[in-house]
There are 2 protein chains.
Amino acid sequence: MSVHIGNGTIEMTSMPSIVGFGSAVGRMEGEGPLGSCFDYVSDDSGFGESSWEKAESRLQQHALEQALLRGSIAESDISFMFAGDLLNQCTGSAYSMRNNGLRFVGLYGACSTMAESLSMASVFMDNGIGKYCGALTSSHFCSAERQFRFPETYGGQRPPSAQWTATASGCAIVGAHGQPPYVRAVTVGTIIDMGIKDANNMGAAMAPAAYDTIKTHFANTGTAPESYDLILTGDLGYVGGELLRDLFLQDGIDLGERYNDCGMMIFDREKQDVHAGGSGCGCSASVLCGHILPRIQSGEAHNVLFTATGALMSPTVIQQGESIPAIAHAVHISDNGNITEG
Amino acid sequence: MSVHIGNGTIEMTSMPSIVGFGSAVGRMEGEGPLGSCFDYVSDDSGFGESSWEKAESRLQQHALEQALLRGSIAESDISFMFAGDLLNQCTGSAYSMRNNGLRFVGLYGACSTMAESLSMASVFMDNGIGKYCGALTSSHFCSAERQFRFPETYGGQRPPSAQWTATASGCAIVGAHGQPPYVRAVTVGTIIDMGIKDANNMGAAMAPAAYDTIKTHFANTGTAPESYDLILTGDLGYVGGELLRDLFLQDGIDLGERYNDCGMMIFDREKQDVHAGGSGCGCSASVLCGHILPRIQSGEAHNVLFTATGALMSPTVIQQGESIPAIAHAVHISDNGNITEG
């Protein structure tokens, strides 16, 4: 039974575990430094579909299939599916879930959705609600660019602070099989808006939200950076990542080597020209499910504070002169499910 | 502690109750049959703001304020806020929650959002997660029309099957004070798509989803239409409402007088020219919080099956020739919190 220890943090007591996880990505992500980690890599950005939006739904289905396969789980044993994506009306998720009979809780947290959905699935399972609960999200470079910035065919020039939306999806299925990775605690974020108005500088908009959530998580749980092997944000990229380090340095805290960001990990900064790094719900989802969870499962990593960050950026409202609200949710994932050693 | 009794239905065991609820609407909704029920009615569709989107965020803030006021609840005592709306990137909610410090779980369920958010808030409270949890949603006629169909200034003609998006918001705050209205059970829906492609016929797209969820809820809980005073959908309108009746008639079940729809209740069919009735997240939210919850609180109504329906309709994907996926979530709200009599 989950315990709300205050200010957004919920501690698990029955140690729900991630029993299945899968990732699916596009060609460019497959050519990146983590390429060999992903379960499914397609050379076809369209994933056999006639539009980018439909391609994104197909991408989600691949990630879900891989998660079911790895966990030896029947799709019908997923009691509740928490899913969302970047597209208007979250169509990536709505169309991927269409007519499959899964009980669907639609979420919108922009690029924070993987942490949001994993938090909800973990809380449900920690309280015994369902056999398995799924967390699923995706992004697609082409569907995101044309929705948030310019259509690909326009050929707009990207400034150095711009991030590259990953064509990727990740799915985690939470159950209670008593094997790592365990979800130990989550911190639900609050909306922070420090006045950034530039849709090509999402990292700067999101860094203060990541700072707020991570700091709150430390305070609520009595932990410190040293409590974790890896403090992983997704997706601040190079600009936002540096800002986050600076914000902690102002408090006298050096995140040091244990800090990394999914947007910095998914692409090669030298060989792949993505400017400030990767972004998109699918970036953190695929890095988590393709690279991080296997390392926790094998014991290579012990305690990871996965903090996905979302810029709740609306082109309509930005054009009205408003700034970008951001949010971050944190999930502590561990190879240790022993509550007394927690 | 909530019990998942299978196939999407979760029964509450500690009987969370709705301790505060508030509603806010525009002029036209204030002139409708339920006008006197709403806590806040504005003559100004812009709610003092410079855009329809910002007006919608302001509308949410009014509903939240009224809910806090009625429940004598401090905003800071809301541990988690579940909110969403119809706008792209759910900006109605993101901007209304900006910088208020509330822990925010963003949802997207289109017009099903009030039932979705109330379900999540109830599950959290039934498991003791937080002091209070909020459920909040909104819609605005002008922001919705220009996003989903045509800008108001275009003067497009609406066919008879079109529904009128209500300018309205509702907020329910769930706690554990042991007074009605109680949330007794929820059924999370699954995405149903029967092939409707007409954005001006949402009722037809949503009726099969409402049918599926209500039928599932009956089967899972061992209840029947007679178990409820009121089976309330929102917002199928006149077209979708008739379809729902027909779908049940095919099973030999006459929903009869106990069936109603928020979209049929909020506007006067004769005096207010809204064609097929009201719609929008805010329609069911404001009818629930303005009209239904007070009647359960006072004992005038005993058992209501509140079933909000959402058309997860994307103009982008509809233009690609796709049909409209729909979903419905059901919440059983009662004046009876005695588990043995349930």
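These figures come from a predicted structure and were not determined experimentally.

### Examining the environment of B:Cys283
Residue and element names in this part refer to chain B.
Stage number 1. Turning to its location among the elements, Cys283 is positioned in helix α9 (residues 281-297).
Stage number 2. Taking the C-beta count within 10 Å as the criterion, Cys283 has 34 such neighbours and is therefore assigned buried.
Stage number 3. Residues Cys283 and Gly170, spaced 113 residues apart in sequence, show a C-alpha to C-alpha distance of 8.3 Å.
Stage number 4. Among all residues touching Cys283, those that are not within four sequence positions of it are Ser139, Ala166, Ala168, Gly234, Asp235, Cys262, Gly263, Ile266 and Gly278.

### As for the relation of the copies chain B and chain A
Stage number 1. Under the fitted operation, chain B is carried onto chain A by 0.0 Å of movement along the axis and a turn of 180 degrees, and the coordinates agree to an RMSD of 0.0 Å. In symmetry terms, the pair is related by a two-fold rotation axis. Among all residues of chain B, the minimum C-alpha distance to the rotation axis is found for B:Leu107, at 2.0 Å.
Stage number 2. With an isologous cut-off of 70% or more, the 100% of interface residues of chain B that recur at the interface of chain A puts this contact in the isologous class.

### Looking at the interface of chain B and chain A
When the parts come together, some accessible area is lost, and that loss is often what is quoted as the size of the interface.
Stage number 1. Contact residues are listed per partner, giving 47 residues for chain B and 47 residues for chain A.
Stage number 2. At the level of elements, β5 (78-85), α3 (91-96), β6 (104-106), α4 (113-126) and α10 (315-319) of chain B are the ones that each hand at least two residues to the side of chain B that touches chain A.
Stage number 3. Considering only residue class, the side of chain B that touches chain A consists of 22 nonpolar, 20 polar and five charged.

### A closer look at the nonpolar core
Soluble globular proteins: nonpolar side chains tend toward being buried together.
Stage number 1. Within the largest apolar cluster, 242 residues are counted, with the highest numbers of intra-cluster contacts made by A:Phe306 and B:Phe306.
Stage number 2. The residues touching A:Phe306, leaving out its near neighbours within four places in the chain, are A:Ala115, A:Leu232, A:Leu288, A:Ile292, A:Ala330, A:Val331 and A:Ile333.

### Considerations on the domain arrangement of chain A
Residues and elements named next belong to chain A.
Stage number 1. Partitioning chain A into structural domains gives domain 1 (17-175) and domain 2 (182-341).
Stage number 2. Each of domain 1 and domain 2 has a C-alpha centre, and these two points are 18 Å apart.
Stage number 3. Across the contact, 49 residues belong to domain 1 and 54 residues belong to domain 2.
Stage number 4. Looking at the side of domain 1 that touches domain 2, the elements that each hand over two or more residues are β3 (17-25), α1 (27-30), α4 (113-126), β7 (132-139), α5 (141-148), β8 (164-165) and β9 (168-175).
Stage number 5. Of the residues belonging to the side of domain 1 that touches domain 2, the class tally is 25 nonpolar, 18 polar and six charged.

### Looking at α4(B)
Stage number 1. An ideal rise of 1.5 Å per residue puts 20 Å on 14 residues; α4(B) measures up with 19 Å between its terminal C-alpha atoms.
Stage number 2. The element α4(B) is extensively covered by neighbouring structure, given that 14 of its 14 residues are classed as buried.

### Describing unusual backbone geometry
Stage number 1. In this structure, A:Asp235 follows A:Gly234 across a cis peptide bond, with omega equal to 10 degrees.
Stage number 2. Structurally, A:Asp235 is set in the loop between β11 (230-234) and α7 (237-250).
Stage number 3. Within the chain, A:Met15 stands out as a residue other than glycine whose phi angle is a positive 50 degrees.
Stage number 4. In this structure, A:Met15 sits in the loop between β2 (9-11) and β3.
Stage number 5. Overall, A:Met15 belongs to the buried group, with 20 C-beta atoms counted inside 10 Å.
Stage number 6. Here the phi dihedral of B:Asn7 falls at roughly 55 degrees; this positive angle occurs in a residue that is not glycine.
Stage number 7. A count of 16 C-beta atoms within 10 Å places B:Asn7 in the partly exposed class.

Parameters at a glance
Residues numbered from 1 in each chain as written. Chains lettered and ligands numbered in written order. Predicted model: local features only at pLDDT ≥ 70, side-chain atom pairs only at ≥ 80, totals over all residues. Helix = DSSP H or I, 4+ residues; strand = E, 2+ residues; numbered from the N terminus. Buried ≥ 20, exposed ≤ 12 C-beta atoms within 10 Å, placed from the backbone. Contact = placed C-beta atoms within 7 Å. Least-squares fit on C-alpha atoms with pLDDT ≥ 70 in both. Nonpolar A, V, L, I, M, F, W, Y, C, P; charged D, E, K, R; others polar. Core = buried A, V, L, I, M, F, W, Y, C linked by C-beta atoms within 7 Å. Domains from an automatic or database assignment. Expected span 1.5 Å × (residues − 1).

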